[in-house]
Structure formats: structure tokens, C-alpha cells
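Chain by chain, the residues:
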Amino acid sequence: MWGSNAREAHPIFFHHVLKGIRNGAKMYAVDPRRSSTAKWADAWLGIHVGSDISLANAIANEIIAAGLVDEEFIRRATVNFEAYREAVARYPLERAERDSGVPRELIRQLAHDYAKADRAQICWTLGITEHHNAADNVLALINLSLLTGHVGKYGSGLVPLRGQNNVQGGGDMGAIPNKLAGFQDIELDEAARNRFGAKYGVPVPGKKGYHLSQMFDAMERGELTCAYVIGENPVSSEADTHHTRKLLEGLDCLVVQDIVMTETAKVADVVLPGTASWCESEGTVTNSERRVQRVRKAVDPPAGARDDIWIIGELARRLGYDWGDPTAEDLWNEVRELSPMHRGMSFEKLERLGGIQWPCPDEESQGTLFLHARLWEEDPARRGAPAPFHVVEQDDPLDTLTAEYPIRLTTGRRLDSYNTGAASNLYVTPLRQPETLNLSPEDAAALGLADDEIARVTSRRGSITAPVRADGTLREGLAFMTLHFPEQVETNILTLDTWDPKSGTAEFKATAIRVERATPEEAAAFWERTTSLEV
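### A few points about the state of the cysteines
- One pass over the full model with this rule turns up zero disulfides.
- Between Cys-253, a free cysteine, and Cys-226, which holds the nearest cysteine sulfur, the sulfur-to-sulfur gap is 5.1 Å.
- Judged by relative accessible area, Cys-253 falls into the partly exposed class, the value being 26%.

### Focus: the pairing of strand β18 (residues 463-470)
- The sheet contact formed by strand β16 (residues 437-439) and β18 spans three bridges and is parallel. Paired with Leu-437 across the bridge in β18 is Val-468.
- Here five bridges tie strand β17 (residues 454-458) to β18, and the two strands are oriented antiparallel to one another. Paired with Ala-455 across the two strands is Ala-466, which belongs to β18.
- In textbook terms, the turn of a hairpin is the stretch between consecutive antiparallel strands, and for β17 and β18 this stretch comprises four residues.

### Considering the packing of aromatic side chains
- Under the counting rule described, the total for this entry stands at six aromatic pairs.
- Seen in terms of ring centroids, Phe-183 and Trp-358 are 5.7 Å apart; in terms of plane orientation they differ by 45°. Their pairing is tilted. With Phe-183 in the loop between β6 (179-180) and β7 (184-185) and Trp-358 in the loop between β13 (356-357) and α19 (380-383), the pair connects residues that are 175 residues apart, well separated along the chain.
- The exposure class of Phe-183 is partly exposed, given its relative accessible area of 28%.
- Arranged with centres 6.0 Å apart and planes meeting at 65°, the rings of Phe-196 and Tyr-200 form a pair that is edge-to-face.

### Overview of the domain arrangement of the protein chain
- By domain assignment, the protein chain separates into domain 1 (6-161), domain 2 (167-287 + 291-357) and domain 3 (407-534).
- If you average the C-alpha positions of domain 1 and of domain 3, the two centres end up 29 Å apart.
- Across the boundary between the two partners, domain 1 contributes 24 residues, which contact 22 residues of domain 3.
- Looking only at domain 1, the three residues that lose the most surface to domain 3 are Arg-33, Glu-130 and His-132, adding up to 34% of its buried area.
- Counting across the domain 1 and domain 3 interface gives two salt bridges.
- One salt bridge connects Asp-136 with Lys-502, and the closest N-O pair in it is separated by 2.6 Å.
- Summed over the shared surface of domain 1 and domain 3, the result is 11 residue pairs in polar contact (both at pLDDT 80 or more).
- When residues of the side of domain 1 that touches domain 3 are assigned to their parent elements, the largest contribution, four residues, is made by helix α9 (residues 134-148).
- Residues belonging to the side of domain 1 that touches domain 3 are distributed by class as follows: 10 nonpolar, seven polar and seven charged.

What counts and what doesn't
- Residues numbered from 1 in each chain as written.
- Predicted model: local features only at pLDDT ≥ 70, side-chain atom pairs only at ≥ 80, totals over all residues.
- Heavy atoms only, no water.
- Disulfide = S-S within 2.5 Å.
- Buried < 20%, exposed > 50% of the residue type's maximum accessible area, 1.4 Å probe, protein only.
- Pairing = 2+ DSSP bridges.
- Helix = DSSP H or I, 4+ residues; strand = E, 2+ residues; numbered from the N terminus.
- Phe/Tyr/Trp six-rings, centres within 6.5 Å; stacked < 30°, edge-to-face > 60°.
- Domains from an automatic or database assignment.
- Contact = heavy atoms within 4.5 Å.
- Buried area = accessible area lost by both parts, 1.4 Å probe.
- Salt bridge = Lys/Arg side-chain N within 4 Å of Asp/Glu carboxyl O.
- Polar contact = N/O pair within 3.5 Å; in protein donor to acceptor, adjacent residues only side chain to side chain.
- Nonpolar A, V, L, I, M, F, W, Y, C, P; charged D, E, K, R; others polar.

Shown next as C-alpha cells:
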């Protein structure tokens, strides 16, 4: 479990992990905090924030040095191994111990256990991907699976746990700037562009669009002047909140389509009340294991709300394009027509089989259990393109620690809440704790701050106030906050909006801060504001 507090962020999935542990599986947790997930682990590798590549490369170096690589799999199914071997040789255990803070013997133990295991998985989430070098972090973990052959077979593989329901489905449908539905490359696949263009009656440009971070850059340049936001709350969820709000408020037109009045909706020119897709509309959802499942309407939406399909179709009609009144099944059949990996998935078949894992290319197929099983094929034609090793180098967080900003703030989620709290905070739960600045007991004592005292937290972007909580899961020099309660504490005022050029993800996990006791006036203002929210 690398950079994943699945016990709180993915609790249903973690129940399955616990079953494995009870059946004898060994679990390692790589995480800066000794999280509730790490407490179940056989060993916790308390890594310094942002040192993941050094640790992964050192694990690889140890596996190679100990002769534990899967040489036959590497020879048959991969490329670029020699360059990779040469690169990771620069990461001995001693360097990784220095970079990551993890004892070298513990790194060696993990390397040997992972390589020798009959079956092994690497699971990760936002602890790996919310960095300025997110894609390289992921590639470092993929390298380990290729090195040991722990990919594409029963019980072994790479498990990127999705942060939200149907993230996978959104990507499948083309909600990625350089992909059409079915992950067909908009720049490289001319045949796919022509197929979509023929269906839609318009040419599809062979140029990728902006990802979210590039959209905000384009707003700042004045090139992007209108935005249509569906089911997202960037005012609260994006890094550097002051900057984000300024850009969104400066648009010529901002339209928000959602089921709750988010902070982003509050600054919109037009709000379109949509449907809760999990119960108020028909369609499909795709989970982290690529399983497409039917979603069935259970209740009607409240008065005034409209099905998302109807809203989008009505917008098209008023813009001069009459798409008729397609049902969810009509749209799904359009997906099947245009996306080869979905072609064999009719609504009837999805119902009958209880869900299907893509790719499912034809009516005879029942889906694909292991996405990378082809790498084990003996026939080169069936095996397809080899999997490349990628040389990646350690790249420290950009928001550096200094005497002025000596504490590393990392962010995450708690079990009882969800993202910016726009929906989950509408409900009362005995598990919920108000937002706090969690500090190590050592840092809290050094600063002279007791639980519930108000501190001023300052980064290079701005300052906020928050109650302090001494947290024994944190080591000295590390702080933790969530973004669940922006109406109480706007955590993302502090975070850095620098983003990974490969993935577009901002570096939420590695902010440099200083912490001071708030003035009496600041403390009084905090309690007055939060008390009025409770009322």
C-alpha cells in the first residue's frame, strides 16, 4: 500500500485487504504518516514526503543485486532493461535511507519479500499522484512490477485505486484531453478521428485539448473565457484557492451543473441542477478493475432538477443541433459503435453477466480478467508491444523547507467525509471531527500549542487559522490537514498549484509551512465564524 490510506479513503476495498491479511497475506505500508492503514501492516515505511522514486529505485537495485528478477519475463515481455539497471544502480540502500528516512534494512526486507512472493500487488492512490512529478512516481512503481513479473496474472498486478466513483468510467468515455472514448489517441489515431467525425458529421481536430491545470493557465492568459463545470468544485478542490477563485470569478461566463450548491456554483452565472447519477438516472459506471456495470434509476430527481442527458441535449438544441431524445441505452450503443474495447457490451449482456471488464471486443467475449495478461503469451503476435522500463530520477518537492517554512504539510482524506464536503457535510455522523491542523506531539510542544488552540498556518501562498491537534501518527516536522471543510478552514489557500507536466496534477502533498500561535483577535474571529456555521 504505497501512498494510500485505503482504510479511510477506500474502506470497502480495504475490507478485502483485511480478508487477505487474515488469510496470511503480508502487507507493507509506505506512507509519511502512520495512518490507520499502516497500523494493519506488517511493516510501516515512514517515508519523507516526495522521496518515493529514490525508495522505489533502491528497492529495484536491491532486487537486481540479489538476483531476484524474473529474467525470462524481462527478456520476453519488456524493453529498456539495461538502461534501467544502470540508472537504479545509482540508488543503493544507503542513498534511499538518506533520501527517504526509511531504515535500509527495512527497505531490503520489502525488496526481498516483494520479489520472492508468489503473488504480489502494488496499490497506490493520491499519495503518489498529487506531486509535481506524479507520472514518474507511478512509472517507478510500474518498473518494480515488470522487474519481478508481478503483473498480468492472478493475484499479482498494479492497483491504482481511484479517488472517486467512476473516475475510470470518465476516462473511458474520453474525459481526457488527448483521448477519444475507448482511449483512442486523438493526435495519433487518424482512423479513430475519421470514425468519430463520420458519426458526428463534423471533422475531429487532431490536436489534444487542455487538461485542468492548463485550463487555469489559459484563463490567466485571457484565452479561456467561459467554463462549463459538471460535478466538480474547483473553488475548493484546486490548489491556491485565492488564485483559483479569482480566475473563475473573472470569466465572461461560468456555468455549473451539479446536485448541490457548491462554492463553485455560488460564483457561477448559471447553475443547472442535475441528477444524482447513482439513483436518479439510467446508465453505466466503471470501477477501478475496469468492470462496467449497469446503473438503474430508483427514484425521480427533486422538482426542478433534470437528467444530465436531457440538460446536455437541450443545450445542444438551443445551440442549433437537435440530437433528438436519446436514452441512456442509445448513448451506450453509440459508445459501442465507436469504441472497440466496449463493442461487445450490450445492456442485456451487462445485466446478464452482472458487469463486464473491458476490453470486450465482440459478442462472444465475456471481457478481460487481467488487462496485461498478453505479456505472458508465448506467441509474439499475441503478446503485442513489449512493456518498457522507464528511467526516472528522484526529484524533491518544489516547495522547499527553509528556516522560514520549516514544516512539511501533507493533505489527505478522513473516513467520515468526502472531498470538499459539498455533499458529505450535509449529513451528521458521530465519526466526524472538525478540521484541525494535525502536528506531531513534538512540534506541538515546541510551539507551545495545546489541542484546540488556534494556530496561524502560513505558506508562500497565504495564511489560514485552524485548531491544533497533537497527532501521534505524525513524525516531527510533518503536519496533516484535509480539504473536507473549506467553510471552516480553506486548506487549499496554502497548497502549491505547480503541476506535473505529464499528468497535469498539482502538488497537493508537499507544502512548506510555518506555524505560529494565532493572535487573540484571530482566534476569536475563527470561533465566531465556525460557531455561526454550526448554527
